[in-house]
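Each chain is listed here by its residues.
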Amino acid sequence: MTKPAAPKRRLPTSPFSAPVAPAPKHFAVSDQVTHDVYGLGRVISVEEGVAVVVQFGSAQTRILSPYAKMTRL
C-alpha cells in the first residue's frame, strides 16, 4: 500500500502567490444548467454541498460536488 502524496509546501519567501481554490458552485431547484456530458438540463433536487439531481430530457442524473463539468446558465 502506498502513502498518499503530501501537499506541496509553499515557502513564505516565494515570489509567487499562493494558489487560490475556486469558490464552490451552488445550485438551486429550477436552475437551468449545462453539463459537458449530458447537455442541457434543469435542477430538480439539491443535497446542499453533496450533490444535485438534474433532469436531462427524459433521464434524471445525480451529479456529485464539485460539479466540475456543470455550469449554471
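Residues numbered from 1 in each chain as written. Predicted model: local features only at pLDDT ≥ 70, side-chain atom pairs only at ≥ 80, totals over all residues. Heavy atoms only, no water.

## So, the environment of Arg72
Relative to the assigned elements, Arg72 resides in strand 5 (residues 70–72). We classify Arg72 as partly exposed; its relative accessible area is 44%. Sequence separation between Arg72 and His26 is 46 residues, and the spatial gap between their C-alpha atoms is 9.0 Å. When residues no more than four places from it in sequence are discounted, the contact partners of Arg72 are His26, Phe27, Ala28, Asp31, Gln32 and Val33. Separated by 2.8 Å, the side chain of Arg72 and the backbone oxygen of His26 make a polar contact. (Helix = DSSP H or I, 4+ residues; strand = E, 2+ residues; numbered from the N terminus. Buried < 20%, exposed > 50% of the residue type's maximum accessible area, 1.4 Å probe, protein only. Contact = heavy atoms within 4.5 Å. Polar contact = N/O pair within 3.5 Å; in protein donor to acceptor, adjacent residues only side chain to side chain.)

## Describing the sheet that holds strand 3 (residues 51–56)
The sheet built from five strands is open, its strands ordered 4-3-2-1-5 with antiparallel pairing. Looking at which strands have only one partner, the edges of the open sheet turn out to be strand 4 (59–64) and strand 5. Taken over all neighbouring pairs, the strand axes of this sheet differ in orientation by 40 degrees on average, direction set aside. In this structure, strand 1 (residues 32–35) lies alongside strand 2 (residues 39–47), joined through four bridges in antiparallel fashion. In the strand pairing of strand 2, Val33 is matched with Gly41. (Pairing = 2+ DSSP bridges. Axes fitted to C-alpha atoms, helices over the stretch in contact; angles between N-to-C directions.)

## Description of the side chain of His35
With respect to the helices and strands, the residue His35 is situated in strand 1. At a separation of 3.0 Å, a polar atom in the side chain of His35 contacts the main-chain amide nitrogen of Val37.

## Quick look at the pattern of salt bridges
Applying the stated rule across the entire model yields two salt bridges. Here Arg72 and Asp31 are joined by a salt bridge, their closest N and O atoms 2.9 Å apart. Of this pair, Arg72 sits in strand 5 while Asp31 sits in the segment before strand 1, and the two are 41 residues apart along the sequence. Across the salt bridge formed by Arg62 and Glu47, the nearest N and O atoms sit 2.8 Å from each other. Placement of the pair is Arg62 in strand 4 and Glu47 in strand 2, with a sequence separation of 15 residues. Here Arg62 falls in the partly exposed class, since its relative accessible area comes to 45%. Judged by its relative accessible area of 31%, Glu47 falls in the partly exposed class. (Salt bridge = Lys/Arg side-chain N within 4 Å of Asp/Glu carboxyl O.)

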